[in-house]
Amino acid sequence: MSSEALKYKDEGNEAFKNGNWDSAAKLYTKAINLEKAESKDLAVFLKNRAAAYLKLNKFEEALNDCDKSLEIVPNDPKALFRRCQALESLERFEEAYRDATQIFKDDPNNKTIQPILERLYRIVQEKVRENAQTSTKIETMTKIAFDLTTDREKRETAMNNLLVLARENTGSSLMIKSPIVQQIKKLLKIEKNQEICITGIRIIGELCKHTIEKTRNVMQDVGIPWFLEILDSKNENQVNAAQYCIQQILNIFSGMDNKPDTKPDQELVKNHKKDIDMILTCLVYSINNQAISGEARDAIIELLTRNIHYTALNWAEQLVEIGGVGRLMECASELEEYKYESAMNITPSTRTIAAVCLSRIYENMYYDAAREKFMGKIQDFIKDKLLTPDIESKVRVVVAITALLRGPLDVGNAIVGKEGIMEMILVMANTDDLLQQKVACECIVAAASKADKAKAIIAQGVNILKTLYKSKDDGIRVRALVGLCKLGSSGGTDATMKPFAEGSNLKLAEACRRFLVHPGNDTDIRKWAAEGLSYLTLDAEVKEKLVEDRPALQSLIELAKTGDQSCLFGVVTTLVNLCNAYEKQEVIPEMIELAKFAKQHIPEEHELDDPDFVTKRILVLGKEGVTSALVALSKTESPNSRELISRVFNSLCSEQELRGVVVSQGGSKALIPLALKGTEKGKRHAAQALARIAITMNPEVAFPGQRALEVIRPLVGLLHPDCSGLENFEALMGLCNIAQMSESARQRILKEGGLPKIEHYMFEDHEYLCRAATQCMTNMCMSPDVIKTHEGKNDKIKFFVSLAMDEDADTAMAASGALAILTGNSKKCCEKIFESKNWLDCFHVLLANPVASLQYRGVCIVRNVIENSKELAEKLMETDIMEILMALKLLPDENKQTIVKVAEDALKLAEKWGLIKKPED
């Protein structure tokens, strides 16, 4: 053994003894790297590192190290024992039992292994019994499911039963060993029953869910090309099932799962980089496959959007390298309503989904060289198209630019700013060709996103848009109308800024309404009408007009319920504007005076945007059923769109009477993922909406089952200094209600780090925050683990004693309630009351309080203290507490008989200790 390797080993041993397992593993790794292969010392280092990995719950790594150590020194008892532990933790009980048996054979007097061997024997026997039962079930169900002559309903039931078994570890293990994957693969080629096909795909998805070994077995049987083949369908359920399979494979190789806030295990990602790269490369090369369906194309782009971000697999730069940007731009340049020879199959959402993916890639370009490379790929695509003189190429370029303006806006603006691009768009808008007019109109609408661009287009393009509005083609007219709407609203919410003549916005809104509510119009035209309203509703007069128009509101809601992602922007932005839920700039009086002095323009808010009008609009929207529209649109992957949806939800939940409506229409379920994934502001709005629901509704009703625990993380997240006082207060109140539900809820609050945050707000000067935090802590005190924290070396009990005398009755009530719970469950907490200098004053305040509920809490605390310890009871009896209890015992008030009873109990306990004696008379 080299001296340096020995040094690292000794340092690793020391770190392990001190509980620094991560450091120990790193030091053992250094020793391993210095040691010669196949030496006995290497076996020692490996089994030592395995011990550290076991402490770190890295069971796969521990297993690998034990295997290598045992290759060098077979039957080494420590290596066998650690491998046994790793195998048991990985639920590979038969193999763990084999190692335990070997240790016992080598050393029958080993007392450590005997209980483990007995436990594993019972588990293995139970597994054998389960396996026998499950194996019989699988065999029976397989015969029925794959027999094409059997009744359809029986086959469907059998397939569903196999799906249930595939979700269980035992069932999946047996199914992997059987030929079921191959049978499903063959069945899908001849099966005509779509339900059976989809269930078969889902079974394969579940088999990929458990372990890497099972996933590899499935991939060897079918391969990624097969998944892409079954993804190519127009049936939405089949596409979703195949998409789930591919995502599940990526999850198992990366350590992610399907929860919104999941993050990959970087070590797993590194170990399985080849597999991940292969899957994502296949997806990238399938983006612009002309043969696949539009639904399959959307699913592939969604998979890339979900996985390439730096918070997931961080694959964006590789996507750029292998030409993914150009392929996405090809999709973004497609037109559904007009098919060229080179056209691909797309859906109404394809261009929007491609724009979101391009935006997600651009977010990952977080250094200049990467951004330049991304921009270079975009410019290469446009340059290649413009080198071809035909009209198709120009149309594709303009459509692609429109997608960029709706995705990575900075890139889109940079392209529009290039010499000749805007001029080309205006020329196309001025032609007689309907297709050119249509795509040019869309691009003008998207380009007018910033004030400087809007002014330039007003100067150059208004007359063109007005001319196009006179077209006989409704598609052209509605696009031109939206262009005029966007330019007309470029003044924003400033009531004094009117780009067009007075009353023009109301006329434009009426024109949009006609397109929106006309029953003969298709979804595309109604989508554009909604987008027009999304700009015009920055005008308060238009808001009031629209909110009184029930048919128009219902048309917006029905449009959103289609779930079409291309409708999302128009509908949600309109709703945000109606609720005034947009970001408002803070008005600083000194800055206004300074602006006046400098003769600068000062924006003015319209009188119809006063809080009373806003509240009325929110109530109308809530009662019209806007929640169902938000739920349908909340599945979007776009962070900015998710933020807009969260803002509307929060506005609805700001009105107490609408919270029940939001829950009944599925709002609480949709809000949880919105609160966990998206922009920081979006997550805060969603979390505040959840808090408001938790305050006024029974959490068990509003968040049934596991959902009540899932809502805790977003609420704890609001207990942050960056959040407003109102957000802090509402989060505390929501957590207070959830904490009283069950011990599992309180444990989840502890797990999410909520306890110290709640305690922090108990020290706040603000009366409401202090009160809410104290009430929340009172409910948390029902947990034994929280009681233990109050028994430690701290001043928590002292602080409760002080708060029990607070001027605010509700705070005093909560603090005294906490003391009653703590003293009723812990002798140590009873003792700690006397560490406060004010303990007697506290008892006086509570016992003599005119508020019956405070008096009751006071007498309960006294009773608990007397019951727990004779020494503490003596301390109390040395004061005037006994006289007060005697007086309380004689209270004539019928409403205070519970206080009388507890006072009597306290005196009886004191008598039992022999501290007082009942007079003989």
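Up top you'll find the structure we're talking about.
Residues numbered from 1 in each chain as written. Predicted model: local features only at pLDDT ≥ 70, side-chain atom pairs only at ≥ 80, totals over all residues. Heavy atoms only, no water.

Visitor: Could you give an account of the layout of surface pockets, naming the residues involved and the relevant values?
Guide: Here the second largest pocket is characterised by a volume of approximately 1,500 Å³. If you trace the second largest pocket, you find 43 residues lining it, with Glu60, Leu90, Arg92, Thr211 and Ile212 closest to the centre. Of all the secondary structure elements, the ones that give two or more residues to the lining of the second largest pocket are helix 3 (40-55), helix 4 (59-72), helix 6 (93-106), helix 7 (113-145), helix 9 (169-177), helix 12 (212-221), helix 14 (236-254) and helix 15 (266-271). Among the residues forming the lining of the second largest pocket, the class breakdown is ten nonpolar, 14 polar and 19 charged. (1 Å grid on protein atoms, 1.4 Å probe; cavity = no way out; pocket = protein on both sides within 12 Å on 5 of 7 lines; lining within 4 Å. Points joined across faces, edges and corners; volume = space filled by probe spheres on them. Helix = DSSP H or I, 4+ residues; strand = E, 2+ residues; numbered from the N terminus. Nonpolar A, V, L, I, M, F, W, Y, C, P; charged D, E, K, R; others polar.)

Visitor: So what about empty space enclosed by the protein? Which residues, and what values?
Guide: Scanning the entire structure with this criterion turns up three cavities of 30 Å³ or more. Within this model, the second largest cavity holds a volume of roughly 100 Å³. As for the second largest cavity, its lining consists of Leu506, Ala509, Glu510, Arg513, Leu533, Val542, Lys545, Leu546 and Asp549. Of all elements in the fold, only helix 28 (504-517) and helix 30 (540-547) reach the threshold of two or more residues within the lining of the second largest cavity. Of all the elements, helix 28 adds the most residues to the lining of the second largest cavity, at four residues. Classifying every residue of the lining of the second largest cavity gives five nonpolar, no polar and four charged.

Visitor: Kindly report on helix 20 (residues 350-364), identifying the contributing residues and their values.
Guide: For helix 20, which comprises 15 residues, the first-to-last C-alpha distance of 21 Å matches the rise-based estimate of 21 Å (1.5 Å per residue) to within 8%. Of all 15 residues in helix 20, 13 are buried; the element is thus mostly enclosed. (Expected span 1.5 Å × (residues − 1). Buried < 20%, exposed > 50% of the residue type's maximum accessible area, 1.4 Å probe, protein only.)

Visitor: Give me helix 32 (residues 568-579): which residues, what numbers.
Guide: Between its first and last C-alpha atoms helix 32 spans 17 Å; for twelve residues at 1.5 Å apiece the expected length is 16 Å, and the two agree. When you tally the buried positions in helix 32, you get eleven out of twelve residues, the bulk of the element. Residues of helix 32 that are buried include every one of Leu568, Gly570, Val571, Val572, Thr573, Thr574, Leu575, Val576, Asn577, Leu578 and Cys579, and no others. As for helix 32, its buried residues are in contact with helix 29 (523-536), helix 30, helix 31 (550-561), helix 34 (611-623), helix 35 (626-633) and helix 36 (639-653). (Contact = heavy atoms within 4.5 Å.)

Visitor: Hey, could you go over the packing of aromatic side chains for me, with residue numbers and the actual values?
Guide: Taken as a whole, this structure holds ten aromatic pairs when the rule is applied. Aromatic pair tyrosine 366 and tyrosine 367: ring centres 6.0 Å apart, planes at 65°, arrangement edge-to-face. Arranged with centres 5.9 Å apart and planes meeting at 35°, the rings of phenylalanine 729 and tyrosine 768 form a pair that is tilted. In this pair, phenylalanine 729 is assigned in helix 43 (residues 725-739) and tyrosine 768 in helix 46 (residues 767-780), connecting sequence segments 39 residues apart. Residue class for phenylalanine 729 comes out partly exposed when judged on its relative accessible area of 23%. The class of tyrosine 768 is partly exposed, set by a relative accessible area of 44%. Within the aromatic cluster, the residues linked to one another by ring pairs are Tyr310, Tyr366 and Tyr367. Directly above the aromatic system of tyrosine 8 lies the positively charged group of lysine 7, at a separation of 5.2 Å from the ring centroid. (Phe/Tyr/Trp six-rings, centres within 6.5 Å; stacked < 30°, edge-to-face > 60°. Lys NZ or Arg CZ within 6 Å of the ring centre and 35° of its normal.)

Visitor: Let's hear about the side chain of lysine 527: which residues, and what values?
Guide: In this structure, lysine 527 sits in helix 29. In this structure lysine 527 touches Leu559, Ser566 and Cys567, once residues within four positions along its chain are discounted.

Visitor: Give me the lowdown on a negative patch on the surface, citing residues and values where you can.
Guide: A cluster of acidic side chains, namely Glu831, Glu835, Glu871, Glu874 and Glu878, defines a negative patch on the protein surface. As for its placement among the helices and strands, glutamate 878 is situated in the loop between helix 53 (870-877) and helix 54 (881-889). With a relative accessible area of 67%, glutamate 878 lands in the exposed category. (Patch = residues over 30% accessible without salt bridge, like charges linked within 9 Å, V, L, I, M, F, W, Y side chains within 5 Å. Areas by Shrake-Rupley, 256 points an atom, 1.4 Å probe, with all protein chains shown as cover. Salt bridge = Lys/Arg side-chain N within 4 Å of Asp/Glu carboxyl O. Lys, Arg positive; Asp, Glu negative; His and termini not counted. Charge placed at Lys NZ, Arg CZ, Asp CG, Glu CD.)

Visitor: Please provide a residue-by-residue account of the environment of aspartate 474, values included.
Guide: Tracing the sequence through the fold places aspartate 474 in helix 27 (residues 474-488). C-alpha of aspartate 474 to C-alpha of alanine 691: the two residues are 217 residues apart in sequence and 45 Å apart in space.

Visitor: Break down the environment of leucine 188 for me, citing the residues and quoting the values.
Guide: Along the polypeptide, leucine 188 turns up in helix 10 (residues 180-190). Counting along the chain gives ten residues from leucine 188 to isoleucine 198, while the straight-line C-alpha distance between them is 9.0 Å. Once residues within four sequence positions are removed from consideration, leucine 188 is found in contact with Cys197, Ile201, Trp226 and Ile230.

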